[in-house]
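Structural overview for review
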Amino acid sequence: MRKYGFLCWVLGFAVFGLATMASPTRALCAEGDPNWKALEKEAVSLLSRYIQIDTTNPPGNEIKAAKFFKSIFDREGIEARIFESAPGRGNIYARLRGDGSKKALVLLNHMDVVPADRRFWSEEPFGGLVKDGYVWGRGALDMKGSAIVELMTMLILKRQGIPLKRDIIFLGMADEEAGGAMGLGFMVKEHFDLFKDAEFVLNEGGRINLRGDGKVPYYAVGVSEKGPFWLKLTVRGSPGHGSTPKSDSAVNKLIASLNRIINYQTPLKVVPEVQRFYADIADLEPSPKKERLKDLKRSLKDPVFAAEFTKNPRANAMVRNTISVTMLEGSSKVNVIPSQASAKIDIRLLPGEDPKEFLKELRLVIGDESIKIERILSIPPISSPTNSELFQIISEVSRNHDPEAVITTPLLRGFTDCHYFRERGILCYGFMPFKKSDKERSRVHGNDERISVENIKFGMGMLYEIVRKLVAK
Ligand SMILES: [Zn+2]
């Protein structure tokens, strides 16, 4: 399907003539280099239409977005299927085939978005307005813009007729913003066969860091995330009337235990991922911090530096397992001493930690056998290696774009859908090549979310370069 020629012209007219309201003209018909100017227009127009599909979760309604993608894949001759996890909760899967000599690449994205309150926006959150060099709307950054760039990458490879050694799988998932049970959780459980042949996954979670002065200090690739380990503590005690206190009441016992937990300082641990990250970015800091960060493990042995470093809650969370007490439940009446009280705690474990071992440590801290501990969520903190082919390609392409920028791998304190793959031995990397300043990032889940046309153009070009290097023969 490499030669388009006359057929392409006819197709172009047919598509343009029949469906000007929906289908942008084909930006690629001739052989040779892609027509980036036309592709940029096409990507902007697709993103604008995609933002207009309201996929606020809850309720999600991702089926409309899944159909939007399906119609594009159908038109382009790329096999695609929709899977509904519940009425209205659509997931889209598409596959562009290679010769199968190497394992597949998954381009992962989620189609749902968080709610937007129109009162605090300058423009319609679901209008898809293109204004002042930006595409405006909820999801522009998280992560409808990425999905369009992933889609365009597949379309360009298909239209160019580039022979592939790996299949490329597009996964547009529902429900990520609410935990993913109706999205990737469902797909992994019910349809894992569809993508078990994958070797690599590209997902959100990494970016190109843009400073206020327009310089790019570093490219961040997500290879590791802390593992959430959420627990519920429940304790029983003597009930009774609030007028007659009992020292062994459930609430008293629970509070005493929680007090021991919040006073417990988990030991400082610099895992290799974090040691490497700070060493990578050390040169961006002034002396003497620069020298300190170059060998964080050693520097943290100095109690004065350790106290200074861990004062910043974000830095602190990079060098230890953390515990936050977040939910409490006691009596429902002020004058009743309940027979039971419970608390939920949000623990985040560093890569390489064993939840079972941590639980043993926590039991010692609590020191009360009567406290029942249940696991609510436990995701093992697994990292993806930096010596893989995909990581090497991301580094190489980044260096070509920006010889002075550092390519590094910050530890994510939160977690993404990557764990579904890492648990199954598939390498997952967080990297979408958009240049984002802290200000732009603050609009993710915030007001006036928007992505610049410049970013769409740059991101599309760079993602295409990375993917092509990995999948083309
Ligand atoms: Zn997201």
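Our subject in this report is the structure included herewith. (Residues numbered from 1 in each chain as written. Predicted model: local features only at pLDDT ≥ 70, side-chain atom pairs only at ≥ 80, totals over all residues. Heavy atoms only, no water.)

1. Section: the environment of A174
In this structure, A174 sits in the loop between β6 (168-173) and α5 (184-191). Along the sequence, A174 and R89 sit 85 residues apart, while their C-alpha atoms lie 6.3 Å from each other. (Helix = DSSP H or I, 4+ residues; strand = E, 2+ residues; numbered from the N terminus.)

2. A word on the side chain of T153
Relative to the elements of secondary structure, T153 occurs in helix α4 (residues 140-160). Owing to a relative accessible area of 0%, T153 belongs among the buried residues under this scheme. Sequence-distant contacts of T153, defined by excluding residues within four places in its chain, comprise M460, L463, Y464 and V467. (Buried < 20%, exposed > 50% of the residue type's maximum accessible area, 1.4 Å probe, protein only. Contact = heavy atoms within 4.5 Å.)

3. Looking at the sheet that holds strand β10 (residues 227-236)
Strand order in the open sheet formed by four strands is β12-β14-β10-β15, with antiparallel pairing between adjacent strands. For this open sheet the edge positions go to β12 (322-329) and β15 (372-378), each flanked by a neighbour on one side alone. Each adjacent strand pair in this sheet contributes to an overall mean axis angle of 20°, direction not counted. In the sheet, β10 pairs with β15 via six bridges, with the strands oriented antiparallel. For L233, the partnering residue across the bridge sits in β15 and is I373. Sheet strands in contact with helix α12 (residues 355-366) are β10, β12, β14 (340-349) and β15, and its direction is about 145° off that of β15. (Pairing = 2+ DSSP bridges. Axes fitted to C-alpha atoms, helices over the stretch in contact; angles between N-to-C directions.)

4. Notes on the pattern of salt bridges
Within this structure, the stated rule accounts for 32 salt bridges. Close ionic contact of D346 with R348 constitutes a salt bridge, the shortest N to O distance being 2.7 Å. Residue D346 shares its accessibility class with R348, and that shared class is buried. (Salt bridge = Lys/Arg side-chain N within 4 Å of Asp/Glu carboxyl O.)

Spatial relationships are all this shows, so hold off on functional conclusions.
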